[in-house]
Amino acid sequence: NIVPRSARQLFRAIGLNDLPLARKIYYRQILPFVDVMARNFNPTGTIKAGVGARGIEVGLPRRPGSGVSPEDRAHLDRLAAEVARAEKEIEAASG
């Protein structure tokens, strides 16, 4: 999972019936990664690159899979940094 903390935050918000927060988490922290996967039709490569962008290098997919393009890797790196900041904001706000 590329964004396990975001997934936890989403489920917590839903459990608290805080749907505005749940929407914010989904659209800001989860959907951008899903968009990259949908755009390049390479879910395994995208997930591995996304996990790498979060600081855990897991290598390239086995053949016949492939990594993501340098552009997508740079985009995932930016997304990971943005999501890390958003996750911290959510954690700080929820105490």
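Before reading on, note that the structure itself is shown above.
From a predicted model like this one, the values you see are computed outputs, not experimental measurements.

Thresholds applied
- Residues numbered from 1 in each chain as written.
- Predicted model: local features only at pLDDT ≥ 70, side-chain atom pairs only at ≥ 80, totals over all residues.
- Heavy atoms only, no water.
- Axes fitted to C-alpha atoms, helices over the stretch in contact; angles between N-to-C directions.
- Helix = DSSP H or I, 4+ residues; strand = E, 2+ residues; numbered from the N terminus.
- Left-handed = near helix turned anticlockwise from the far one by under 90°.
- Contact = heavy atoms within 4.5 Å.
- Nonpolar A, V, L, I, M, F, W, Y, C, P; charged D, E, K, R; others polar.
- Parallel < 35°, antiparallel > 145°, perpendicular 65-115°, else oblique.
- Expected span 1.5 Å × (residues − 1).
- Buried < 20%, exposed > 50% of the residue type's maximum accessible area, 1.4 Å probe, protein only.
- Arc of directions from axis to C-beta.
- Core = buried A, V, L, I, M, F, W, Y, C linked by side-chain atoms within 4.5 Å.
- Bend = angle between axes of the 7 residues up to and from the residue.

Caption draft 1: Molecular detail of the packing of helix H2 (residues 19–40) against helix H3 (residues 43–53). Look at H2 against H3: their axes get within 8 Å of each other, and the N-to-C directions meet at 145 degrees. Considering only the axes of H2 and H3, their crossing is right-handed. Packed against H2, whose contacting residues are Val36, Met37 and Asn40, the element H3 presents Pro43, Thr46 and Ile47 at the interface. Split by residue class, the contact of H2 with H3 holds four nonpolar, two polar and no charged.

Caption draft 2: Spotlight on the packing of helix H1 (residues 4–15) against H2. Contact pair H1 / H2: the axes reach a minimum separation of 8 Å and the direction vectors enclose 165 degrees. The orientation of H1 with respect to H2, classified from their angle, is roughly antiparallel. The handedness of the crossing between H1 and H2 comes out as left-handed. In this structure, H1 contributes Ser6, Ala7, Gln9, Leu10, Ala13 and Ile14 to the contact, and H2 contributes Leu21, Ala22, Ile25, Tyr26, Gln29 and Ile30. Class assignment for the residues of the contact of H1 with H2 results in nine nonpolar, three polar and no charged.

Caption draft 3: A look at H1. Under the 1.5 Å per step criterion, the end-to-end length of H1 is 16 Å for 12 residues, consistent within 8% with the ideal 16 Å. What H1 keeps buried is the set Ser6, Gln9, Leu10 and Ala13. Mapping the buried residues of H1 onto a view down its axis gives an arc of 100 degrees, with all of them on the same face. When the buried face of H1 is taken as reference, the exposed residues oriented beyond 90 degrees from it are Phe11 and Gly15. Tucked inside the fold, the buried residues of H1 contact H2 and helix H4 (70–94).

Caption draft 4: The side chain of threonine 46, seen in detail. In this fold, threonine 46 is placed in helix H3. For threonine 46, the residues in contact, after removing those within four places along its chain, are Ile2, Val36, Met37, Asn40, Val68 and Leu76.

Caption draft 5: Up close: the nonpolar core. Judged by nonpolar contacts, the single largest core of 18 residues is most densely connected at Val3, Ile25, Phe33 and Leu76. Discounting chain neighbours no more than four positions away, the residues touching phenylalanine 33 are Ile2, Val3, Leu76, Leu79, Ala80 and Val83.

Caption draft 6: Expanded view of H2. Here H2 spans 30 Å end to end across 22 residues, near enough to the 32 Å set by a 1.5 Å rise per residue. Of all the bends in H2, the greatest, near 45 degrees, is centred on leucine 31, and the proline proline 32 appears no more than four residues after it. When we look at burial in H2, the residues that qualify are Ala22, Ile25, Gln29, Ile30, Pro32, Phe33 and Val36. The inward-facing, buried residues of H2 contact H1, H3 and H4. Backbone geometry just after H2 places phenylalanine 41 at a positive phi near 50 degrees.

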